[in-house]
Structure formats: C-alpha cells, structure tokens
Protein chains: 4
Amino acid sequence: MNKNIKLAVLGGDARQRYLARDLAERGFETAVWGLGGEAKIGGAVKCRDPKSALASASAIILPLPATFDGITLNSECEDKLKLNAILDWCEIPIFAGKPGESFLAAALARKRKVVDYYASETLQIRNAVPTAEGAISIAMQHLDKTVMGSRTAVIGYGRIGQMLTWLLLRMGAIVTVAARNRAQLASAKNSGARTLHIDPALPCNGLLPICDCGGCDVIFNTVPARLFDSVLLSTIPNDVLLIDLSSVPGGIDFAYAKDKGIRAIWALSMPGKYAPETAGSIICDTLMEYFEREGII
Amino acid sequence: MNKNIKLAVLGGDARQRYLARDLAERGFETAVWGLGGEAKIGGAVKCRDPKSALASASAIILPLPATFDGITLNSECEDKLKLNAILDWCEIPIFAGKPGESFLAAALARKRKVVDYYASETLQIRNAVPTAEGAISIAMQHLDKTVMGSRTAVIGYGRIGQMLTWLLLRMGAIVTVAARNRAQLASAKNSGARTLHIDPALPCNGLLPICDCGGCDVIFNTVPARLFDSVLLSTIPNDVLLIDLSSVPGGIDFAYAKDKGIRAIWALSMPGKYAPETAGSIICDTLMEYFEREGII
Amino acid sequence: MNKNIKLAVLGGDARQRYLARDLAERGFETAVWGLGGEAKIGGAVKCRDPKSALASASAIILPLPATFDGITLNSECEDKLKLNAILDWCEIPIFAGKPGESFLAAALARKRKVVDYYASETLQIRNAVPTAEGAISIAMQHLDKTVMGSRTAVIGYGRIGQMLTWLLLRMGAIVTVAARNRAQLASAKNSGARTLHIDPALPCNGLLPICDCGGCDVIFNTVPARLFDSVLLSTIPNDVLLIDLSSVPGGIDFAYAKDKGIRAIWALSMPGKYAPETAGSIICDTLMEYFEREGII
Amino acid sequence: MNKNIKLAVLGGDARQRYLARDLAERGFETAVWGLGGEAKIGGAVKCRDPKSALASASAIILPLPATFDGITLNSECEDKLKLNAILDWCEIPIFAGKPGESFLAAALARKRKVVDYYASETLQIRNAVPTAEGAISIAMQHLDKTVMGSRTAVIGYGRIGQMLTWLLLRMGAIVTVAARNRAQLASAKNSGARTLHIDPALPCNGLLPICDCGGCDVIFNTVPARLFDSVLLSTIPNDVLLIDLSSVPGGIDFAYAKDKGIRAIWALSMPGKYAPETAGSIICDTLMEYFEREGII
C-alpha cells in the first residue's frame, strides 16, 4: 500500500541498514545512501550519491544520532555530507534522531520541517528492552558467575531501571533497587526486588549499604548524576562489577574506579550496538506513527 | 523502640485487625475499639469504649474507608460512633483512609489535623498486588479453564492494569492490553502482551476487536468510564467472563450484561476483601511514613 | 477429515461435556448419552439411550474415572448403566479412564479391547497444570495474604510438585521444596526454590524445620504417604494452611488436624473440578494419540 | 568444623581456583598445586610441589576433567604431572571429574579409591544453569536482535534443553521445543513452549518445519546425534544461528554449515568457560555429599 511513496535513507550504521530493509518490506520505495558495509538491506536500493536518493522522495530519514559533530551526517561512508546541504536540495520533511540544535536552527531559518523521532516516548520505552538486555549481556561476559543467584543492584527505577530489574528477576538474580522516589520503590517491591532509599540528606546519598546484605556481584547504574564518586567507590569491594547505562556525564568516577582497580564499564547507546536489528525495527515502527501524523502515509 | 507511644485504632474490618496486630508487633501500645469478630489482634488490646482507647494516645487510626455514610465510623460493631465525636474528645492527629469531605470540613473548622493515608501513592501502588491477585482469584473460580493458555484482555494500563498483565503473563495466559496512551501500549508490548489502541474516534472506542484473534476467555476492565456499553456488550460472546476492577461508576453496563446473559462481576475493594492481612500490612507501612513526617515517631 | 467416524461418549461430568464438544469440533460425529446438565456440547448430539449412541460407532469413550463403584458407569444421569452391559452390546474398542480391575477382567474374558487412557504419561503431565492452579486457587481463597510474598512449602517434587513450585515462584511466593531424592532437590534449587531433604532416618522424616526460617503460610503436600502425622502436625502453628494433593490414602492425619484446629484441605481430582474445559481438552488430545495407535483415525 | 581436615587440590583451571577458595571458606585446610594464573584462591595455600600439597591430606581433589590425554593431569601449569604418579604417593581417596578409563584401571590395580564426582546427578542438574546461560550469552553476542521476541528452537528436552527453554521463555523469546519423547513434549507445552515431534520415520527426523511458522533466529541443539546433517542444513536459511551444546561427536555437520555460510557454534564445556565461579561452587557442594558418604567429614 506504500508502493508509490519513496523514502531516502541517508547515513547511519547497522541499525539504519535494518531500518532500510524494514521500510522496503513495508512497501516503500527505499533509496539508501551513506550506509557502509555490505550488509543486507533487502529490497532497499543503494544510490551512488545523495541527490539521486532524494529524487522524487517524499521524506528523508536521517540516523540516530543524525550527527556526532553537529555539522556532518553520521555515516560509515568515506564521503562526508554536510547536514545543511540536505536542507538546500529539497523541501520534503526530514525525520532525524537527535538532529542537534544547530541543524534545527538552520532548518527553521529555511522554514524546513525537521522531526526528531528520538523524542518519541514509544521509541524510548521500547529501547529499554535492547538497553537492558545489552547491559545483562555485558554482565554475563564479565562475571564468573551465573546471573541466576547473583546479587545485583539497580540504581534508578525509570524505564531502563525497571526493564533491567524485571529481566534480572526473571533470570533468577537477587535484585536491590535504589531510587529516590518512594513510589518507584513501592513499584520495585511489587516486582519482587529489595529496595534502598536514595536520600541526598545522607552520606553518599544513602547508597553506602549497596554492597551489604550478603555482598553484591554487579551494580547497574541508570541515574545520570555522579552518584558513584570517589567516596562511595572507596567503600565498594574490588570484585564488584560496575555497569553504567546513564548518558553523559555518566554516574561513575571512572578515573577513580580505574585507579582503585574496580571494573567499571560505560555502556552507552546499547540499542544500536547490542541489537541493531531490533533497534532498527523500533525506529521503523516509530516512523510509521510520525508518517501518519504528518500525512506521509 | 516505639514502646512509649500509644495508638488508638478505631473501627474497621479484618484489615484493621491485622493492622492493629502489626502496630503492636512494631512495639506501639495499641488500643483497639470497634473491631468486630474474635480475630487475633496479637499484642493489641481491645477497649470497652472509644474514650478509654483514646486515653493518653498519640494518634488515632481510622479505617479505610473511615466512613461509608459520611457520618458514622466504618465499624463491624453494633455500637455506632459518629466521626465528629472523635473530633471533640481529643486533639491528637487522626490518620484516616478516605475520610470524606464533610469530616475533613468539620476537622478543619475545629483546627484538627486529619491525614488521609489513602492519598499515599506508595499505598496505592502496593495495593495493586492484592487487587490483581484478587481479580485473578475471581477469574479462577468462574472459568472452566486454566489461566495458563487462556486468552485474556486487560483494559487500561495504569497501576492495576500493569500488575494484572504481569501476573497473567507469568501464569502463562495470553494477554491483550487495550489502552489509549501509546506510551503505555509500548510498555505493555515490552512486557510481552499484545496491544490494542483505545481510540475515542472509532466505534466503541476501538474495542470491537477485543474478542477477535482466536477468542477471549476473560476481560478485566480497569478504566473508570463506561467503555462496555450495550453496543460493545452486544458484540461479546456469552461465554466471555467480564471482571470490572474500576471504581464507581464502573466500566460496564451491568444491567445490559445481565439481560444478555453475560457474566459480569464488579470486583470492588479487592485488597480488604481478598487479602486483609496484606492490606493491613500495607497500611501499617504507609502509616510509618506519615508518622515519621508528622513527628509521631 | 474425521467426518465419517462416529464416537459414542457415555457418562461423565462437566469434563466429558467439554470433551464431547471438542471431539465434534475435530469433525467426529459425536453421540452422547449419560451426561447430566444443560451444558453446551457444541456439535455433539445427545441420545435418548446408550444403544442409539452406540449404533454404527467406531469407538466408545468412557469418563475418567469410568466408574466409582466398579460396577456402574460414572454418570450424572439418573439412569444407571452397568459397565458390563456395554461389553455385550457391541465389539468396538472402548477408551476409558481408570476402568477398574473388574471391568478390565470382564472385558478380557469377552476378548474386548479396553484402553485406559489415564495411563498416558502425556495426560498425567498435562494434568499437572490444572492440578497446580486448582491448589493455588484454593490457597488464594483461604489465605488472608497475597500469594506474592507468602511463604510456602511444597512436599514432593514429582510432576505436580514441580508445576506447583514453578507457578508459585512466578507468582512471587517464597517456596521451600522438600523431597527425598537429592537430584530433585538440585532441580528445585535450579528453579529458585529453597530446599529441605526428606530423610526417613530423621525424626518426622526431616520435615520438622518446614515452618522455620521466618514461618510458613501454606504447605502443599503431594506425597501419597502419611508424612503429616500427629507428631509433625503438633509442631505446626495453627494459622498454617495445609493443602493435600496426594491421592488416597492422603498425606495428612486429617482427624488430628481437625482436633488441633489446623485448616487441612484434601484437594482431590483437581483437573475435573477446577478446570473441566482444560481437563476435557487434555483427554481429547490424549485420545487422538490412542486413536492413531489403534487405527481409529 | 572442618578445620582439622586437609585437602589437596591438584591441577585445573579457573573453576578449580574457585573450588579451592570455597573449600577453604568451609574451613578445610586447603593445599593447592598445579593451578595457573594469579587468581584469588582465598584462604587456600599454594604449594611448590604436589608432594607437599599431599602431605597429611585426607583426600585429593582432581579437576573436571582430570585429564585430557588420559595420562597427564589437566593443569594450566608448565610442570606436567602424570596421573599415575599420584597413585604411588599416597593412599588417600581421590575425587576426580571424568578420571578416564586408564586411570581408573590403574587405580583399581593398586586398590586405590577413585570417585568420579562428575557422575553425580546433582552436579549435572545444577550444571544445566551455567550451560543454558552460557548458550544464551553466546546467542546474545551473535544475534542482532534482542532475545525478547526472538524465535528460537531447542532440540532435545533433557536437563539442558529444559533449563534453556525456561530461561528463554522467561526472557520473552518464542520457543519451539523438538523432542522424540512425547511426555517431554507435554512437559515443554506445560512450560509455555510450542512443540515439534522428532520422528526418525520422517525425512530429517521430522525437523524440516523447524524454521517454519514465521521463521527462526537461533537453534540450540542439545541432542548428541548428527540430526543437523547436510540435508537438513540445506533447508535452513543462512541468517539462522546454530548453537550446539551436545557433547562429542556433536549434532551438526560443521563442515557443511561452514561451506554453506551458516554460523554454527559448538559450545562445549560451558560451566567452566562461562561461569567458573558457579561451576566451582557446584563441584564444592557435590564434594560435600561424597565426603559425607565416604566418611571424610
């Protein structure tokens, strides 16, 4: 049913390749440029240059994130493309993940529509699955123990903290959830987790007992605040594994952890790294919602 | 440590009896009046009249709800006690579940402190467990099938809808979640449920397919709006069981359901009815939070 | 595809009604006699007398159990039918659940084929689901607590003990499994349960600590031996609920339990009582295996 | 309580290091020789030569497997030790995992007691946990999808097949279990899996439909028979991942798979590789059972 609609997919990584394949499977004529690798893109068609990809397209899909430096398109290709160039070539709507402020400003100045699909709550909720699984996969690779029976702590109980907790519990781990919000703690308790109250009025925000009660094998942090500073880290035994899922600036003093010999891993951008196929299909589903809203389909 | 603090527990049902027992276990001197039955109240002490219960008490605990008619105390005792009388007898803080507007007004007029512990988000989140289990217990009693393998629908994905969905999935049921909010649907999908979008723009709010896809054995409604009106009910096969967990006015046209021969059960106040011991302990935990905040302990 | 095959379903209860319905749904011409109630039997046809049900049938299906007294057919009908009469009327194979020794002997004497479908391991394994759910449903009705967080013990780790343990754990209960076989205990440990070794060399077979470690809310027995004798029962607090799922002679001294005021429930024949529709479909699936083996289909 | 008992732990890998640590934690005087690496062995003491480790010991613990070549001790050390030498040095009982026929024969000839602790059913059941987790960890590393929602097949439903199925289901995968034994299939169905009958009378043992029904992302084989021969492999799409958990000779024609471009991984000895700490503690628990039986403790 989407056969007469052409989409231009520019830039990106493995995740974007799967996205292009999925869009083609849904019947869109899908033109691709700027994707490295020899990966399968199914019915999508690679173009030699961005302009031929754009020819008679109804919308442009940029990757997540659209750019790393704010200027050039995120792409695994050698040819670099300036984001602003895309604004000059055509007037069709652009769907981009985290387009960045300068690109948004440039688009606004030219009265071009740029939709940030990363703003979708649906996308962020569904991304919690590959993020949580990716974090557990890292733990499985670094621990000498099975997840079943291991003692884990999850700091923060937002989308990712929740999904991680559920998954760890289902895999048989013992989970202690630390959160500031008491309602979240009640919710964690309902899931079968133990709870610890994060209280800024207490030393180390009340996190000092995190390795008590029979020890701890791995701590997953999801809070984007420097909770694991040198004071707290100095109380944590060296054989505890720390996995930080929080975005910049991260929740762990990595330098101090390294000095002390604690293994601390910053697991950023898990969906695209751990499960690009799933991540691509989540973006694809999200785009359908935006396409409907914007009248593309 | 709470040994020198006396609490007066007035009125209530089985849930309040367990609460009195739990308060005594935590070391409070617990005086009880107005609780029927011969049930165990552990170290709590029954009093002959409310005034002796109140003597030298630091706080009064009224049941959930504190009153059914807005005037007299909710009690299984023959002696009826007017709520306002309690205001006259002493000046200690009163902790009541759903005290009602007229009692709150009377208390305000007398400058007395009445805390509605039912307002606690923690309490409401934790009550989702006995509510969901109670609903499933009802379904187990009425269905000729096992929960495992049965096809269920959960309407609404708030606290109760979520807990119900998780529990049903863990018990092996096939679950379709219907909700208006797309982010909630994404969350339900993450849990392993199928999803259906409630859309007020569609006939029957988009709920017409609820019994499609291989049929449906039981529908749990948690939305406090008349979604299951005669039009929708007329499309539902007679062997489907309907369980309504929504508060007044309920989500089902019960009269129409009865006429048509559909089994529809309004499962109100599940925590106190299904699991009074758990419900009492949830209130006890909640009171501790309020006691701390109000300086009682 | 089964359209030209006629089956005669004689006697039984709700379970047999669902079985008749399921057989008709699979395309068999299904003739029914001896089923009480006005229940739906779908495309199956009620007959006025057993002989017309048998006319040109390819096989006879008797209920589970086929007889309670060894002589007359298990039936909710007022008309009683002697099992041996069925042997005289025709020569087609008979599929019966627990046909009983005297009926088997009579059939053998007349060179008639009687297949005991209750001997099917598949049937017994699948029956563990309605049995375990039924037991939990009983516990939910009798306990004042939620299953989530309750402390349970499962005695015996055969088919039913296993299914019960898995289900309780998934529902959030704390489970201690007691079994004699150490390999079973290892398996229970793998599921996330605590374990206790049943050792005949110890007092009360080593079951004395069953209510230790923080108490116990409900004990499910699945071992068909009098483990819960007066000595063990005398150590069990009165508020513990005992549910016995073992077959005759049962594992609990019910008379002593009653005297002592312990609630002890003997939950026999759960599949047919708790979930007749599921139980009927399990028998239906089992019959298909036998039909294939016996050349009926 | 084990303080006056000395144990000699000879040879092994990471798993043995954790075992030595655990034995020391249980109070045994633990002397170690032949363990490479700088790993923590807690309270266990490294010896310069095997004889000093053996001095006044009550039992010798050899690794799992005790030997790879049937002659020398399995050890990460440079010094090689002949198994038979151990027989000559002392007369205390030897506990070895898979000691091998020639060593057993040599021990028998010298009337020395050698117990094969790998024969323990408890050990093998408990090893199913690290084996299943290890297999899933490999799948997580190789798949571009999340386990949640992925379509998996488990071939064989013994100890490992069962644990794998449970874990995959709890993680949200769709699982099809293929097994020859119908009772095992009923058990798999009870767990929530789909089932496929392995039937030697059918082409490819009835496994041809394994990638039907919406495709398959990963196949886990646990059956130690060449089920995945070139004929079956030729029907499997190239993007399916094959993980073989069966022991020698393995269930997959790896050469053919490689030629065809199918990713096929032979995941042998998972407990020691994936989770040496857990594997060590399982051996430690198993040894306690044997020690009790042999009168060591």
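The structure presented is a predicted model; accordingly, all values stated were derived computationally and were not measured.

Student: How should the relation of the copies chain C and chain D be read in this particular structure?
Tutor: Superposing the two chain copies requires a rotation about an axis and a translation along that axis. Structural alignment of chain C on chain D gives an RMSD of 0.0 Å, achieved by rotating through 180 degrees and translating 0.0 Å along the axis. On the angle and the small slide along the axis, the relation comes out as a two-fold axis. Interface overlap between copies is the fraction of interface residues in one copy that are interface residues in the other; for chain C against chain D it reaches 100%, indicating a shared surface.

Student: So what exactly am I meant to see when it comes to the packing of aromatic side chains here?
Tutor: When we look at a pair of aromatic rings, we describe it by the centre distance and by the angle of the planes. Inspection of the entire model under this criterion finds 14 aromatic pairs over all chains. Both rings, one in C:Phe254 and one in C:Trp266, keep their centres 5.3 Å apart while their planes meet at 20 degrees; by these two values the pair is stacked. Of the two residues, C:Phe254 is situated in helix α9 (residues 254-260) and C:Trp266 in strand β12 (residues 263-266); the sequence distance between them amounts to 12 residues. Taken together, A:Phe28, A:Phe95 and A:Phe291 form an aromatic cluster joined through their ring pairs. The ring of B:Tyr118 carries B:Lys98 above its face, with NZ or CZ at 4.8 Å from the centroid.

Student: Help me understand the pattern of salt bridges, please; the structure alone is not making it clear to me.
Tutor: Side chains bearing opposite charge may pair, as long as their charged atoms lie close to each other. Across all of its chains, the model carries 40 salt bridges over all chains by this definition. Across the salt bridge formed by A:Arg21 and A:Asp22, the nearest N and O atoms sit 3.2 Å from each other. On the accessibility criterion, A:Arg21 (18% relative accessible area) is buried. C:Asp285 is paired through a salt bridge with C:Arg126; the nearest N and O atoms lie 2.6 Å apart.

Student: It is not clear to me how the sheet that holds strand β3 (residues 45-46) of chain D should be interpreted in this structure. Could you clarify?
Tutor: Within a sheet, each strand pairs with its neighbour through backbone hydrogen bonds, oriented either parallel or antiparallel. Residues and elements named next belong to chain D. The strand order across the open sheet formed by 6 strands is β3-β2-β1-β4-β5-β6, and the pairing between neighbours is parallel. Each edge of the sheet is formed by a strand with only one pairing partner; in this case those strands are β3 and β6 (114-116). The sheet contact formed by strand β5 (residues 94-96) and β6 spans 3 bridges and is parallel. The residue bridging Ala96 from the neighbouring strand is Asp116, located in β6. Across the sheet, helix α1 (residues 14-25) is in contact with β1 (6-10), β2 (29-33) and β4 (59-61); its angle to β2 comes to roughly 160 degrees.

Student: Which parts of the structure should I look at to understand the environment of C:Ala109?
Tutor: All names here are of chain C. Of note, Ala109 is situated in helix α4 (residues 101-109). Residue classification places Ala109 among the exposed positions, given a relative accessible area of 66%. Sequence separation of Ala109 and Ile155 is 46 residues, and the distance between their C-alpha atoms is 42 Å.

Student: Sorry, what's going on with the interface of chain C and chain D here?
Tutor: Reports often express the size of an interface as the amount of accessible area lost when the parts come together. Taken residue by residue, the interface counts 16 residues in chain C and 16 residues in chain D. Overall, the association of chain C and chain D removes approximately 1400 Å² of surface from exposure, summing both partners, and the carbon and sulfur fraction of that is 62%. Broken down residue by residue, the surface that chain C buries against chain D is led by C:Ile125, C:Trp166 and C:Asn190, which jointly contribute 33%. Summed over the shared surface of chain C and chain D, the result is 0 salt bridges. For the pair chain C and chain D, the number of links is 2 residue pairs in polar contact (both at pLDDT 80 or more). Mapped by element, the contributors of at least two residues to the side of chain C that touches chain D are α5 (121-142), α6 (159-170) and α7 (182-191) of chain C. Of all the elements, α7(C) adds the most residues to the side of chain C that touches chain D, at 7 residues. Its residues assigned to classes, the side of chain C that touches chain D shows 7 nonpolar, 4 polar and 5 charged.

Student: Would you mind showing me how to read the relation of the copies chain D and chain A here?
Tutor: You can overlay chain D on chain A at an RMSD of 0.0 Å; the transform is a turn of 180 degrees with a shift of 0.0 Å along its axis. Here 100% of the interface residues in chain D have copies in chain A that are interface residues too; the copies meet face to matching face.

Cut-offs used in this document
- Residues numbered from 1 in each chain as written.
- Chains lettered and ligands numbered in written order.
- Predicted model: local features only at pLDDT ≥ 70, side-chain atom pairs only at ≥ 80, totals over all residues.
- Heavy atoms only, no water.
- Least-squares fit on C-alpha atoms with pLDDT ≥ 70 in both.
- Contact = heavy atoms within 4.5 Å.
- Phe/Tyr/Trp six-rings, centres within 6.5 Å; stacked < 30°, edge-to-face > 60°.
- Helix = DSSP H or I, 4+ residues; strand = E, 2+ residues; numbered from the N terminus.
- Lys NZ or Arg CZ within 6 Å of the ring centre and 35° of its normal.
- Salt bridge = Lys/Arg side-chain N within 4 Å of Asp/Glu carboxyl O.
- Buried < 20%, exposed > 50% of the residue type's maximum accessible area, 1.4 Å probe, protein only.
- Pairing = 2+ DSSP bridges.
- Axes fitted to C-alpha atoms, helices over the stretch in contact; angles between N-to-C directions.
- Buried area = accessible area lost by both parts, 1.4 Å probe.
- Polar contact = N/O pair within 3.5 Å; in protein donor to acceptor, adjacent residues only side chain to side chain.
- Nonpolar A, V, L, I, M, F, W, Y, C, P; charged D, E, K, R; others polar.

The quantities given are spatial measurements derived from coordinates; they are silent on function.
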